[in-house]
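# Per-entry structural report
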Amino acid sequence: MNVEGRRYRTIWLKEGDPAVVRIINQLALPHRFEIIDLRSVEDVRRAVKDMYLRGAGLIGAAAAFGMYLAVLEAGSAAGDPAGFEAALRRAAALLKDTRPTASNLAWAADRMLALILRTPGGAGEKRERARLAAQEIADGDAECCRRIGLHGAELIKVIAEKKRGEPVNILTHCNAGWLAFVDYGSALSPVYAAFDQGIKVHVWVDETRPRNQGASLTAWELARHGVSHDLIADNAGGHLMQHGMVDLVITGADRVTRRGDAANKIGTYLKALAAKENGVPFYTALPSSTFDFTMDDGLGEIPIEERDSAELRFISGKTAEGRIETVQICPDESPARNWGFDVTPARYITGLISERGICDASEEGIRNLYPEGNPVPLRLGGSMPEESFPADFG
Ligand code: MRU
């Protein structure tokens, strides 16, 4: 997407120095646009853990590039194959240990590990193969999101036709825009596609406490693209729905089970309840890599990340003088608990928007889109042959 007239993705290899992975520092947004360099597996681990980058698709792509850096660090495969394999397994475990909820991260790390270990030849071949594979995962993520946009825009178009030129009001939670993926986004991709097609859209942006990804990232993205939006308090959505001010809710997802239960940023479930009560369609947008077909019951099975209570007890922002400061917002003695995600049961979800189209949030609906039973991402080129993956990778 464009920032000040320049096209960016959220992660890429540095031109002229492919041993460096570059990312947009999301901790600095919305007040400063900053690019940072990652040069080692440890850099990637820290960037994911401390949320310099975040969002399901992007942490998946980061894990893929992290595995590529692991190959560079491991040195010569030919000299010590056992040591090489052990180093790669350690890197995959380290990366997977950073954040538990989004499927994309483990999916990408496992996929890269399997591919690298199966690549014949010496260090040079493995290095090149890992670089191409990481790039392909990133390209696949961007292309999936682009297609999600085209499918989702059709939904918006139907509502726009009924509203005869009035803007379509879409509520979203957290940031499932291009910053959460490699490009385009999941929940926001249909908004961008509809906007680019000339459909009038307006977005209600949940602030998304405690880390405020809505206020700092979604609002920033929408402003860059020129999309009309208003920031709202997390608790305002129900009120707006009761008063007919929301035509459609679209959120992203971090993990979706084979029966359509969806984990997403904490607070999503409450929006889904309010949407159901008020007859507002509630859609979940996701690329294939967010499905987890090994899981059925989202409530019982999806691991929910609990993060540092400091994220709740303190808040950061810009002062009138332009300084970034952090302040405490609760009594010194009050502890806090900080769950990062919740699960919306499939029965509250009107439909799932993936790169393959729109389906019911049910085992049958998902199976219709994924008859092979094991979603694999779009293949863009010839660098990742099917036979490189064991059947249980997907
Ligand atoms: O904790 P985050 O910011 O990495 O949360 C993940 C998310 O961005 C959201 O849950 C999002 O809606 C789904 S990921 C595109």
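Remember, predicted model here, so these are calculated numbers, not experimental data. (Residues numbered from 1 in each chain as written. Predicted model: local features only at pLDDT ≥ 70, side-chain atom pairs only at ≥ 80, totals over all residues. Heavy atoms only, no water.)

With that settled, consider unusual backbone geometry. Leaving glycine out, the prevailing phi sign among residues is negative, and the prevailing peptide bond configuration is trans. Residue Leu29 is joined to Pro30 through a cis peptide bond whose omega torsion reads 10 degrees. Mapped onto the fold, Pro30 is located in the loop between strand 4 (17–24) and strand 5 (35–38). A cis amide bond links Arg209 with the next residue in sequence, Pro210, at an omega value of 5 degrees. In this structure, Pro210 sits in the loop between strand 7 (201–206) and helix 7 (213–225). Here the phi dihedral of Cys174 falls at roughly 65 degrees; this positive angle occurs in a residue that is not glycine. Counting through the fold element by element, Cys174 comes out in the loop between strand 6 (168–172) and helix 6 (189–196). According to the relative accessible area criterion, Cys174 is buried, its value standing at 6%. (Helix = DSSP H or I, 4+ residues; strand = E, 2+ residues; numbered from the N terminus. Buried < 20%, exposed > 50% of the residue type's maximum accessible area, 1.4 Å probe, protein only.)

Put simply, side chains in a regular strand alternate between the two faces of the sheet. As paired elements, strand 10 (residues 255–257) and strand 11 (residues 262–265) share two bridges and run antiparallel to each other. Among the inter-strand pairings, Arg255 is bridged to a residue of strand 11, identified as Ala263. (Pairing = 2+ DSSP bridges.)

Moving on: the domain arrangement of the protein. By the assigned domains, the protein splits into domain 1 (2–140) and domain 2 (149–369). For domain 1 and domain 2, the distance between their C-alpha centres works out to 26 Å. Taken together, the contacts link 32 residues of domain 1 with 33 residues of domain 2. Counting across the domain 1 and domain 2 interface gives three salt bridges. Joining domain 1 to domain 2, the criterion identifies 17 residue pairs in polar contact (both at pLDDT 80 or more). Contributing elements (two or more residues each) for the side of domain 1 that touches domain 2: strand 1 (2–3), helix 2 (56–74) and helix 4 (103–118). With four residues, the single largest contributor to the side of domain 1 that touches domain 2 is helix 2. By residue class, the composition of the side of domain 1 that touches domain 2 is 16 nonpolar, nine polar and seven charged. (Domains from an automatic or database assignment. Contact = heavy atoms within 4.5 Å. Salt bridge = Lys/Arg side-chain N within 4 Å of Asp/Glu carboxyl O. Polar contact = N/O pair within 3.5 Å; in protein donor to acceptor, adjacent residues only side chain to side chain. Nonpolar A, V, L, I, M, F, W, Y, C, P; charged D, E, K, R; others polar.)

This paragraph deals with the pattern of salt bridges. Going through the model one piece at a time under the given rule, you end up with 29 salt bridges. Put simply, Arg146 and Glu143 hold a salt bridge, and the shortest N to O gap is 2.9 Å. Taken as a pair, Arg146 and Glu143 lie in helix 5 (residues 123–162) at a separation of three residues, close to a single helical turn. Given the relative accessible area of 32%, Arg146 is considered partly exposed. Taking relative accessible area as the criterion, Glu143 reaches 15% and is therefore assigned buried. The salt bridge partner of Arg307 is Glu305, with a shortest N-O separation of 2.7 Å. For Arg307, a relative accessible area of 16% puts it in the buried group. With a relative accessible area of 7%, Glu305 lands in the buried category.

Time to look at the sheet that holds strand 4. The antiparallel open sheet is built from three strands, whose spatial order is 3-4-5. In this open sheet, the two edge strands, each paired with only one partner strand, are strand 3 (11–14) and strand 5. The mean inter-strand angle of the sheet, taken between neighbouring strand axes irrespective of direction, is 35 degrees. In this structure, strand 4 lies alongside strand 5, joined through four bridges in antiparallel fashion. (Axes fitted to C-alpha atoms, helices over the stretch in contact; angles between N-to-C directions.)

With that settled, the discussion passes to the nonpolar core. Formed by 44 residues in total, the largest nonpolar core has its most connected members in Ile11, Leu53, Phe65, Met67, Leu88, Met112 and Ile116. For this core, the leading source of residues is helix 2, giving 13 residues. If we skip the residues at most four places from it in the chain, Met67 touches Leu88, Ala91, Ala92, Leu95, Ala109, Met112, Leu113 and Ile116. If you look at the next biggest cluster of nonpolar residues, it comprises 35 residues, including Ile148, Ala187, Ala193 and Val205. (Core = buried A, V, L, I, M, F, W, Y, C linked by side-chain atoms within 4.5 Å.)

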